[in-house]
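Examination of the molecular architecture
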Amino acid sequence: MTNVLHLLLKNPVLVAVILITGIGGTFHYGFHISVLTAPSDYIKELVNSTCVQRYGLYLEHWQLSLIWSFIVSTYCIGGLLGSLCAGRIAVTYGRKRCLMLNNVVAISGAVLMVLSKTAHSFEMIMVGRLVYGINSGVALTAHTMYVLDCAPKSLRGLIGASVGSFVSLGKFFGQLLGIGEILGSETLWPFLLAFSALTAVLQLVSLYFLPESPRFLLLDRGDKSACEKALQQLRGSHADYRSEVEEMLKERVALQGVRNHSVLELLLARSVRWQLLTVIINFITLQLCGINAVYLYASDVFRAAGIPAHNLRYVTLGTGLCESSTVIACGLLIEHTGKKFLMVRSYLCMSIALLLLTLTLYLQVHVSWMPYCSMVLIFFFIISFCSGPACIVAPMPGELFTQSFQSAAFTVACTLNWAGLFFVGMVFPLIVEHLDYFCFLIFFAFCFATAVFVWYNVPETRNRSVMEIAAEFDRMHSKAKHSETKLKALQAAPGTKL
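Residues numbered from 1 in each chain as written. Predicted model: local features only at pLDDT ≥ 70, side-chain atom pairs only at ≥ 80, totals over all residues. Heavy atoms only, no water.

1. Some remarks on the overall build of the protein
If you tally the helices and strands in the protein, you get 24 helices and zero strands. Here the C-alpha atoms of the protein give a radius of gyration of 24 Å, agreeing with the 23 Å that 2.2 N^0.38 yields for 498 residues. Per-residue burial for the protein yields a buried fraction of 53% across its 498 residues. Look at the contacts in the protein between residues 6 or more apart in sequence, and 82% of them connect residues 24 or more apart. About 22,100 Å² of surface is accessible on the protein, with carbon and sulfur atoms providing 67% of the total. Here the protein carries 36 positive and 28 negative side-chain charges, and the mean point of each set is 8 Å from the other. (Helix = DSSP H or I, 4+ residues; strand = E, 2+ residues; numbered from the N terminus. Rg over C-alpha atoms; globule rule 2.2 N^0.38 Å. Buried < 20%, exposed > 50% of the residue type's maximum accessible area, 1.4 Å probe, protein only. Contact = heavy atoms within 4.5 Å. Areas by Shrake-Rupley, 256 points an atom, 1.4 Å probe, with all protein chains shown as cover. Lys, Arg positive; Asp, Glu negative; His and termini not counted. Charge placed at Lys NZ, Arg CZ, Asp CG, Glu CD.)

Take a look at the structure:
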């Protein structure tokens, strides 16, 4: 771990790339997932008062819930739209320019949010959420592509984990700034929703001084001198980056005459079907692993453990701090431990935690000390989630696919992510209503099945280039094909008994 940190600190421009792209990248995604919780009552009050003022209509509970659900879900719709166009924009204009343009989108959303209360318009909040969703959808793809393109092979795991780290930090800051003593008050909540403008302006100004992605310059633009200049800025004037350029040139030769593939071509390509299946399964499980359910039940468990109602928000803030700190620690351990081992271990630990949490929630009405066990299991589950899927899954498309497939792979992955987030937001409350805490058994099935899949079908990717990972997938699954062919030949042979 110390070697990894030492190597990272020797590249101050690379550290700047991680921090600057993160605060205006996946930080926004995490922030807007959690930030709406604190001012929810004030926004609902604005909706009610607007309808009374305009139409003389006082909304019933179901009508208010319907409008509130729409305000929440428009973020996912915007995210899906942003994901669908992000890959093409990043390939056409470059990762850096894509992020710079995306900051203008975030600032536009913030303007709508800060003026919504003054204009007495909850519709501006809806449109602002849609715009924020587009910003986050583009950021998820462009941020990940940019930092992975700038990372040396020896630090790709750590830098890839930073993508998930900023998601967790965004969630934590959404909770922290939402406290009533900071920006979660009746007068300041529009500024809470507009906080993204600050990070967007900071990134917009700072990106000007950073280089464009070296891989984009060489593999997409064919500009070797610009690529070398970018690498020199990233690695330092005295660093030897010739091996990196040679690896990219080999990939360019392998992709000679091959254009960037569309999503349909990716879905039909047999050569990368195991990489695609790996991405699909992991991104589906990322939303259906039960992390949202655990956070939903956390308040009830803490309340049953005797924590006063007025202190619950601080304990919930503690879960956010636990998540963000664990993700950062995981990033430092990835290069030492390996991603495959971390993923399998995390999913198995999450499976065990979900089974035991179901049992303790069932017994907490019968045993007085059982809520304390549930509380420990909640933190254990969060730590398990953050030490694996939270920091490894997000950069996966950029690590498993060559340059010609990356744009389409990120489109598929982020589409699944946003569709899963929307599905969980709309359907999950109904599942909880009918199954209560037994819903954790559904999430257990997803976690356990994904652990088994990763163990048997995904190679270790640590310290390997994209071409080496592709070759390892072929080697792993060509053995299975060879065994299957041999078995069929034996069965077809006359007189063979099995």
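2. Some remarks on the nonpolar core
Grouped together as the largest cluster of nonpolar side chains are 64 residues, with contacts concentrated most on L266, F385, F401 and F440. Leaving out residues up to four positions away in the same chain, F385 has contacts with L286, C289, I291, M350 and A390. Core analysis: the second largest hydrophobic core is formed by 61 residues, C51, Y75, A142 and I159 among them. (Core = buried A, V, L, I, M, F, W, Y, C linked by side-chain atoms within 4.5 Å.)

3. Re the domain arrangement of the protein
Structurally, the protein comprises domain 1 (10–210) and domain 2 (261–481). Taken residue by residue, the interface counts 42 residues in domain 1 and 39 residues in domain 2. Summed over both sides, the interface between domain 1 and domain 2 buries roughly 3,200 Å², with carbon and sulfur atoms accounting for 66% of that surface. Where domain 1 touches domain 2, the interface holds two salt bridges. The salt bridge involving K171 is made with E323; its shortest N-O contact spans 3.4 Å. Our enumeration of links across domain 1 and domain 2 arrives at seven residue pairs in polar contact (both at pLDDT 80 or more). In terms of residue count, helix α8 (residues 156–177) provides more of the side of domain 1 that touches domain 2 than any other element does, 14 residues in total. (Domains from an automatic or database assignment. Buried area = accessible area lost by both parts, 1.4 Å probe. Salt bridge = Lys/Arg side-chain N within 4 Å of Asp/Glu carboxyl O. Polar contact = N/O pair within 3.5 Å; in protein donor to acceptor, adjacent residues only side chain to side chain.)

4. What about empty space enclosed by the protein?
Scanning the model with the defined rule gives five cavities of 30 Å³ or more in all. If you add up the space inside the largest cavity, you get close to 130 Å³. Along the walls of the largest cavity sit 13 residues, with K339, I392, M396, V458 and T461 positioned nearest its centre. Among the residues forming the lining of the largest cavity, the class breakdown is seven nonpolar, three polar and three charged. Approximately 60 Å³ is the volume found for the second largest cavity. Element by element, the count of residues in the lining of the second largest cavity is highest for helix α7 (residues 122–150), at three residues. (1 Å grid on protein atoms, 1.4 Å probe; cavity = no way out; pocket = protein on both sides within 12 Å on 5 of 7 lines; lining within 4 Å. Points joined across faces, edges and corners; volume = space filled by probe spheres on them. Nonpolar A, V, L, I, M, F, W, Y, C, P; charged D, E, K, R; others polar.)

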